[in-house]
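Structural overview for review
Here are the chains, one letter per residue:
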Amino acid sequence: MPILRKIVFENCTFKAQSAFKYSKFAKNVSFNNSRFREEALFKYSHFATPPDFEGVKFEEGANFKYASFKDKVNFSDASFDKRADFKYTQFPSGTSFRNAAFSGFADFKYAQFSGEVELNGVAFSGNEDFKYTKVNGKSFSTYLLNNK
């Protein structure tokens, strides 16, 4: 399993499938304003410091299934054109999906959120699944009702 130190992929275009599966990001990582034309595979990846996916465009699919984030992750202004898979993903220190757009299927089934969860301006125009998702120990639907 590769251990990746500080990584900066800002304003990059990934033309083919990107496979970061099982990667351990030990230091800061930024994909800020990058574009993934094919599937972006981050399944089982671990982020030890806050990753930055602000403004990233995922055109075919974003797979973060079983990924874990030690600190707050930023998906602000990101767009997910097809499937966004966050099933079983751990967000223990907060996350921001501010102004993110989900056009395809957004799968957050069994995801665990703790800390501040920023959802202002998020848009879902496809289907989504938040079944068994928890935010600070509460069901996702209870969290939404209490935070309107």
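This text follows the structure it describes.
Below: a short report on this structure. (Residues numbered from 1 in each chain as written. Predicted model: local features only at pLDDT ≥ 70, side-chain atom pairs only at ≥ 80, totals over all residues. Heavy atoms only, no water.)

Focus: the side chain of Asp85
- Residue position: Asp85 is located in strand β15 (residues 83-85).
- By relative accessible area, Asp85 is classed as buried at 7%.
- Reaching out from Asp85, the side chain makes a polar contact with the backbone nitrogen of Lys87 at a distance of 3.0 Å.
- Setting aside chain neighbours within four positions, we find Asp85 in contact with Ala62, Asn63, Phe64, Lys65 and Asp107. (Helix = DSSP H or I, 4+ residues; strand = E, 2+ residues; numbered from the N terminus. Buried < 20%, exposed > 50% of the residue type's maximum accessible area, 1.4 Å probe, protein only. Polar contact = N/O pair within 3.5 Å; in protein donor to acceptor, adjacent residues only side chain to side chain. Contact = heavy atoms within 4.5 Å.)

Focus: the packing of aromatic side chains
- Summed over all chains, the structure comprises 53 aromatic pairs.
- Here the aromatic rings of Phe9 and Phe31 are separated by 5.2 Å at their centres, their planes lie at 20 degrees, and the arrangement is stacked. Here the residue Phe9 occupies a position in the loop between β2 (7-8) and β3 (13-14), and Phe31 occupies one in the loop between β6 (29-30) and β7 (35-36), the gap between them amounting to 22 residues.
- Residue Phe9 is classed as partly exposed on the basis of its relative accessible area of 25%. (Phe/Tyr/Trp six-rings, centres within 6.5 Å; stacked < 30°, edge-to-face > 60°.)

Considerations on the sheet that holds strand β4 (residues 18-19)
- On the basis of which strands lie adjacent, the open sheet formed by six strands has the order β4-β8-β11-β15-β19-β23 and parallel pairing. Two strands lie at the open edges of the sheet, namely β4 and β23 (128-129), each paired on one side alone.
- Pairing between strand β11 (residues 61-63) and β15: three bridges, direction parallel. By the bridge assignment, Ala62 is partnered in β15 with Ala84. (Pairing = 2+ DSSP bridges.)

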